Every structure is written in structure tokens, then in C-alpha cells.
Amino acid sequence: MQVVDRTATEEPRELSPPRERLIEAATRLFCRYGVNSIGVDAIVEAANTAKTTLYKVFGSKDGLVEAVLEREGRTWRAWFLNELEGGGAPIDRLRRIGPILKIWFGRDDFYGCPFINAVAESDKSDDRMRSLAIAHKQVVLARLSELAREAGLADPDQVAHTLGIVIDGAIVAALITRNPGAADAADRACKAILSAAAA
């Protein structure tokens, strides 16, 4: 989910603290290969740290996973919401959802949503990953709802929820097909939802 170009940070910076190196290395590995595919040994090797350091800082691999998701979510939300707030009337900002997604989908390091991926990989009876994903989504949906309300749309919470479903669907479609054009379909769907709510 991170939109900062990773090509500039393919190798952990030697001068950064071990915690940062571990998060950076784990982010690259988890996003590309999946949480369950990557073991602690691969992470500490990529971060140039000792396994004991990982356990001392994060307690467990699960603790590191949560730290990665927290940072990825914060980074993506800051980028997405900043793009959304680029000026104009509230309805015009909401109409930018599709084009914003297309920027993300077109990146070489687009590997889908780490929250969706983590939930898909996790035990479906374990709500830990689901809770992290819901917390992330609630921040985004709250802002979409605010914009819908400011735009005078009918049932702004429902509009935001529906837009969120379109966004999630487009993310999964773009991940599977590797086609940024999934954002174009999302753009049409979002605009239809907004038009219906404004009628």
C-alpha cells in the first residue's frame, strides 16, 4: 500500500536504527511475497540485524506484521487523502477517486492492499488482522462520508460505504490482472454512485 518509491530503498540504510531497518525490510518482503511466505530469517537477513533484535523490538513476527501494517496504512492514508483534498468542491474531490487509484495501480511496486492481503492469508477464525483492516478502512470511510455530507448527497454514510466497496474491488482486480485500467471501471462506478446520490 505504500506509495513512496521503494526503488530508492531496495537495501536497508545502514545508518538507520534496527527497528527502521526491520520495518523497511519486512514491508518490502511482506508486500511482494505475502506475510506467510516470509520467515523471520529472511527478514533479519534483509534488515542486516540479529533475530534476537527482532524479538526484542517487536516481541514476535506478529508484532512486526502489526507494525508494518500500521505504518503502511498511515502512509497510504496520508497519500490518498492528500490527493483527495487537492482543492475543488467536495463532489469534485470525490470524483477524483478513480484517477487517484490509477496512479497507485500503475506503480511497479503495486502489490495490492496489505490489509486485504493479510486478512486473506490469515486464519479466518482469528479477528486480529480483520480488526486492523477495519480500523484502517474506518479512517478512509469517515473522510469519504464527510465529503459526501459536505456535497449534500443523500445518505452520505451509505455513499461512503458503497464507494469503499468499489475501491476494494478495484484494488483486488488490479492486483489479479496487473491492469491499472481497473481504476477506469472504478471511476465510472464511483461517478454513477455520486450522480445517483445527488439526484
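Placed above this text is the structure.
Source: prediction; values computed, not measured.

On to the nonpolar core. Residues F80, I97, L101 and F105 are the most contacted members of the largest nonpolar core, which totals 58 residues. Among the elements that make up this core, the one with the highest residue count is helix α4 (residues 61–84) (10 residues). Residue contacts for I97: discarding those within four places in its chain leaves F80, L84, L144, L163, I167 and C190.

Our next topic: the pattern of salt bridges. Across all of its chains, the model carries 16 salt bridges by this definition. The salt bridge involving K102 is made with D184; its shortest N-O contact spans 3.0 Å. Pair noted here: K102 is in helix α6 (residues 97–105) and D184 is in helix α10 (residues 182–198), with a separation of 82 residues, a long-range link. For K102, a relative accessible area of 36% gives the class partly exposed. When its relative accessible area of 32% is taken as the criterion, D184 is described as partly exposed. R143 is the salt-bridge partner of E146, the closest N and O atoms lying 2.7 Å from each other. Residue E146 and its partner R143 are both found in helix α8 (residues 128–150); the two are separated by three residues, about one turn of the helix. With relative accessibility at 15%, the residue R143 sits in the buried group. Residues participating in the shared-partner salt-bridge network are E85, R93, R143, E146 and E150.

With that settled, consider α10. In a regular helix each residue adds 1.5 Å, so 17 residues correspond to 24 Å; α10 covers 24 Å between its end C-alpha atoms and thus fits that length. Regarding α10, the residues found buried are A182, A183, A186, D187, C190, I193, L194 and A197. With its buried residues spanning 135 degrees around the axis, α10 presents them on a single face. Facing away from the buried side of α10 by over 90 degrees, the exposed positions are R188 and A196. Of the surrounding elements, those touching the buried residues of α10 are α5 (90–94), α6 and α9 (156–177).

The rules behind these values
Within each chain, residues carry numbers counting from 1 in the order of the written sequence. Local features are withheld for residues below a pLDDT of 70 in this predicted model, meaning they are given only at 70 or higher, and side-chain atom pairs are given and counted only at 80 or more; totals for whole chains, interfaces and linings count all residues. Hydrogens and water are ignored here; the side-chain numbers use all heavy atoms of the structure. To qualify as a nonpolar core, a set must consist of buried Ala, Val, Leu, Ile, Met, Phe, Trp, Tyr and Cys residues joined through side-chain atoms within 4.5 Å. Throughout, exposure labels follow a simple rule: accessible area from a 1.4 Å probe, protein chains only, divided by the maximum for the residue type, with under 20% read as buried, over 50% as exposed, and the rest as partly exposed. Secondary structure follows DSSP: runs of H or I at least 4 residues long count as helices, runs of E at least 2 residues long count as strands, and numbering of each begins at the N terminus. Working rule for contacts: check all heavy atoms of both residues, and any pair within 4.5 Å makes them a contact. The term salt bridge refers to a side-chain nitrogen of Lys or Arg lying within 4 Å of a carboxyl oxygen of Asp or Glu. Each helix should span, by expectation, one fewer than its residue count multiplied by 1.5 Å. It is the directions from the helix axis to the C-beta atoms that the arc portrays.

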